[in-house]
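Chain by chain, the residues run as shown.
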Amino acid sequence: MQQVRAVIARAKGAPVELVTINVPDPGPGEAVVAVQACGVCHTDLHYQQGGINDEFPFLLGHEAAGIVEAVGEGVTEVAPGDFVVLNWRAVCGECRACKRGEQQYCFNTANATQKMTLEDGTELTPALGIGAFADKTLVAAGQCTKVDPSARPAAVGLLGCGVMAGIGAAINTGGATRGKSVAVIGCGGVGVAAVAGAALAGSSPIIAVDIDPKKLETAKKLGATHTVDSSKVDPVEAIREISAKTYPGAEGADIVIEAVGRPETWKQAFYARDLAGTVVLVGVPTAGMMVPELPLTDVFGRGGSLKSSWYGDCLPSRDFPMLVDLYQQGRLDLDAFVTEEISIDGVEAAFERMHGGDVLRSVVVL
Ligand code: APR
Ligand code: ZN
Ligand code: ZN
């Protein structure tokens, strides 16, 4: 066991605290990782606000990269000294999804079995089974994905959650490729990552939609060919017009990604989609939101598919090393997502800055 600094949320809505925690030595199938960088995500804020569940105290942080310090019995996939990005999809290999070759849908993903605790022994709930606003964290070995050790930790750690969700929503879930048009509604961290994913896949046009002009500027930097301020113009009309310029007769974009998580923007995505196109919901709705009323004839008549994307349907072992390599080659600008590097005592202030809309990601560097 060792003691390290960590950021916890003790009770619903209370400001986060920097405390000392106990990290057990790794048991069978587990690894202790010395965290180098961890991004501040909306999900951490949702945990602190009690929006995920009531299992306080939470050990926050989950978009992280670091060095494996020690591994437990039976661990073969990583070894001490490996540079890894942490994931929340350590696949089991045994469930029905895994057995049919669809590990990205694994129904039985693993976390560490032992618990990290406060000094008084109170068990902590790590955010998304990771808990990486800490000098060290204990995870299941399968949550560690080895990547190019020369990559910048603050940038590649972001692949652990939001950036992967966006890139994967475009490529894995939406099937973005050359010859297809893509529109993204909502260009926060997840949405601009979807824009970057569509650009990587060679899609064109790539239409970015937001109500905040600053977000649209960032989307342009990451590969949007067109931007639409939906506080000023009807985004459905705009997406149809822009798509039809490249593909005459198109009645919308082939793939429309909703990265806000609201019924009204999902409805825009539904109608901004070409016949037989795909809608991808990657924005996370909150309890009580309902699917908007739609004529069933429109659902049938427009064909295509309406999908949801959890974690960008990623398979960390396949996607993380590939995306890190593209980053290292200058083909995926992960640095653009790092608005600022902060220290471990800056998480509460970073939560406040999230509301301002100027920050894509604040990243705690340890
Ligand atoms: N139309 C278009 N864009 C909108 C609208 C709207 N009606 N309302 C909000 N937006 C934009 C915001 O301006 C912002 O740029 O959506 C974006 C949301 O981005 P963030 O708040 O930064 O959230 P992000 O981290 O990108 O996550 C997006 O996925 O992980 C979930 O909880 C998260 O539901 C959220 C979504
Ligand atoms: Zn499985
Ligand atoms: Zn996250």
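As the structure is a prediction and not an experimental result, all values here were calculated from the model.

Undergrad: Help me get a handle on the nonpolar core, residues and values and all.
TA: Of all hydrophobic cores here, the largest spans 52 residues; its most connected members are Val156, Leu159, Val163, Ile257, Leu334 and Phe337. Viewed by domain, this core spans two of them, domain 1 (2–160 + 333–365) and domain 2 (166–310), each represented by three or more residues. Cys38, Ala64, Ala127 and Ile344 belong to the second-largest nonpolar core, a separate cluster that totals 32 residues.

Undergrad: I'd like a rundown of the UniProt feature "domain: Alcohol dehydrogenase-like N-terminal" (unreviewed entry) in the protein, residues and numbers included.
TA: When the UniProt feature table is mapped to this numbering, "domain: Alcohol dehydrogenase-like N-terminal" (unreviewed entry) covers residues 27–148. Structurally, residues 27–148 is divided into 9% helix and 30% strand, and its ends, taken at the C-alpha atoms, are 26 Å apart.

Undergrad: I'd like a description of the site of ligand 1, backed by residues and values.
TA: Close to ligand 1 lie 17 residues, the nearest being Gly189, Val190, Asp210, Val260 and Val284. Lys215 is positioned such that a nitrogen or oxygen atom in its side chain is 3.2 Å from an oxygen atom of ligand 1. Contact between ligand 1 and Val284: an oxygen atom at 3.0 Å from a main-chain N or O atom of the residue. Burial of ligand 1 by the protein amounts to 79% of the accessible area it has alone, namely 720 Å². Counting residues per element, the ones that place at least two in the shell around ligand 1 are helix H1 (42–48) and helix H5 (189–200). Within the shell around ligand 1, the residues separate by chemical class into seven nonpolar, eight polar and two charged.

About the thresholds
Residues numbered from 1 in each chain as written. Chains lettered and ligands numbered in written order. Predicted model: local features only at pLDDT ≥ 70, side-chain atom pairs only at ≥ 80, totals over all residues. Heavy atoms only, no water. Core = buried A, V, L, I, M, F, W, Y, C linked by side-chain atoms within 4.5 Å. Buried < 20%, exposed > 50% of the residue type's maximum accessible area, 1.4 Å probe, protein only. Domains from an automatic or database assignment. UniProt positions renumbered as here; feature names shortened; annotations may be inferred. Helix = DSSP H or I, 4+ residues; strand = E, 2+ residues; numbered from the N terminus. Near = heavy atom within 4 Å. Polar contact = N/O pair within 3.5 Å; in protein donor to acceptor, adjacent residues only side chain to side chain. Areas by Shrake-Rupley, 256 points an atom, 1.4 Å probe, with all protein chains shown as cover. Nonpolar A, V, L, I, M, F, W, Y, C, P; charged D, E, K, R; others polar.

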